[in-house]
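# Structural overview
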Amino acid sequence: QVQLVESGGGLVPPGGSLRPSCAASGITFSMYAMGWYRQAPGKQRELVARITSGGSTNYADSMKGRFTISRDNAKNTVYLQMNSLKPEDTAVYYCKADLGGLQYWGQGTQVTVSS
């Protein structure tokens, strides 16, 4: 059974930082590309960042320079370091594993940026 479990969200003031993580089980983690997506109320889910099995990364334009995605294949975990957070970053953050036509989603973790 495949499971992706996000953790590390929370409430943070503007300008603050968070580092959510996503632990995977039931897949050969190192073979999968891993991505972080987010969905704010009333908006479509959007890509935040993605890292391939080889370690190549790509980011949505609004996150470049503020967010960093990384992976630890020994721990089957992907991380999202988020700095200089803004109120508009408030959303549920989801991780996704994909390999060819296979894709799996986590349940999401809430990130709220507010003073």
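Here's a quick rundown of the structure.

About the cut-offs
Residues numbered from 1 in each chain as written. Predicted model: local features only at pLDDT ≥ 70, side-chain atom pairs only at ≥ 80, totals over all residues. Heavy atoms only, no water. Core = buried A, V, L, I, M, F, W, Y, C linked by side-chain atoms within 4.5 Å. Buried < 20%, exposed > 50% of the residue type's maximum accessible area, 1.4 Å probe, protein only. Helix = DSSP H or I, 4+ residues; strand = E, 2+ residues; numbered from the N terminus. Contact = heavy atoms within 4.5 Å. Pairing = 2+ DSSP bridges. Salt bridge = Lys/Arg side-chain N within 4 Å of Asp/Glu carboxyl O.

Turning next to the nonpolar core. Among the nonpolar cores identified, the biggest contains 28 residues, and M34, W36, L80 and Y93 are the most heavily contacted of them. Contributions of two or more residues to this core are made by β3 (21-25), β4 (33-39), β5 (46-51), β7 (67-72), β8 (77-82), β9 (91-99) and β11 (109-113). Residue contributions to this core peak at four residues, all from β9. The residues touching Y93, leaving out its near neighbours within four places in the chain, are E6, W36, Y37, R38, V48, F67, L80, M82, G108, T109 and V111.

Only one face of β7 is covered, namely the one carrying F67, I69 and R71; the face carrying T68, S70 and D72 has none of its residues buried. Where β7 and β8 come together, six bridges link them in antiparallel fashion. Directly across from S70, in β8, lies its bridge partner Y79. A loop of four residues connects β7 with β8, the two strands running antiparallel in sequence, and N76 in this loop sits at a positive phi of about 55 degrees.

Let us now look at the pattern of salt bridges. Per the counting criterion, the structure on display carries five salt bridges. Across the salt bridge formed by R38 and D89, the nearest N and O atoms sit 2.9 Å from each other. Placement of R38 in strand β4 and of D89 in the loop between β8 and β9 is noted, with a sequence separation of 51 residues between them. Across the pair D98 and R50 runs a salt bridge whose closest N-O atoms are separated by 2.9 Å. With D98 in strand β9 and R50 in strand β5, this pair connects stretches of sequence that are 48 residues apart. Owing to a relative accessible area of 14%, D98 belongs among the buried residues under this scheme. Salt bridges here are not isolated pairs; linked through shared partners, they connect R38, E46, R66 and D89.

Our next topic: the side chain of S21. Considering the arrangement of structural elements, one finds S21 in strand β3. Residue S21 is classed as buried on the basis of its relative accessible area of 17%. With residues near it in sequence (within four places) discarded, S21 still touches V5, E6, S7, W36, T77, V78 and Y79.

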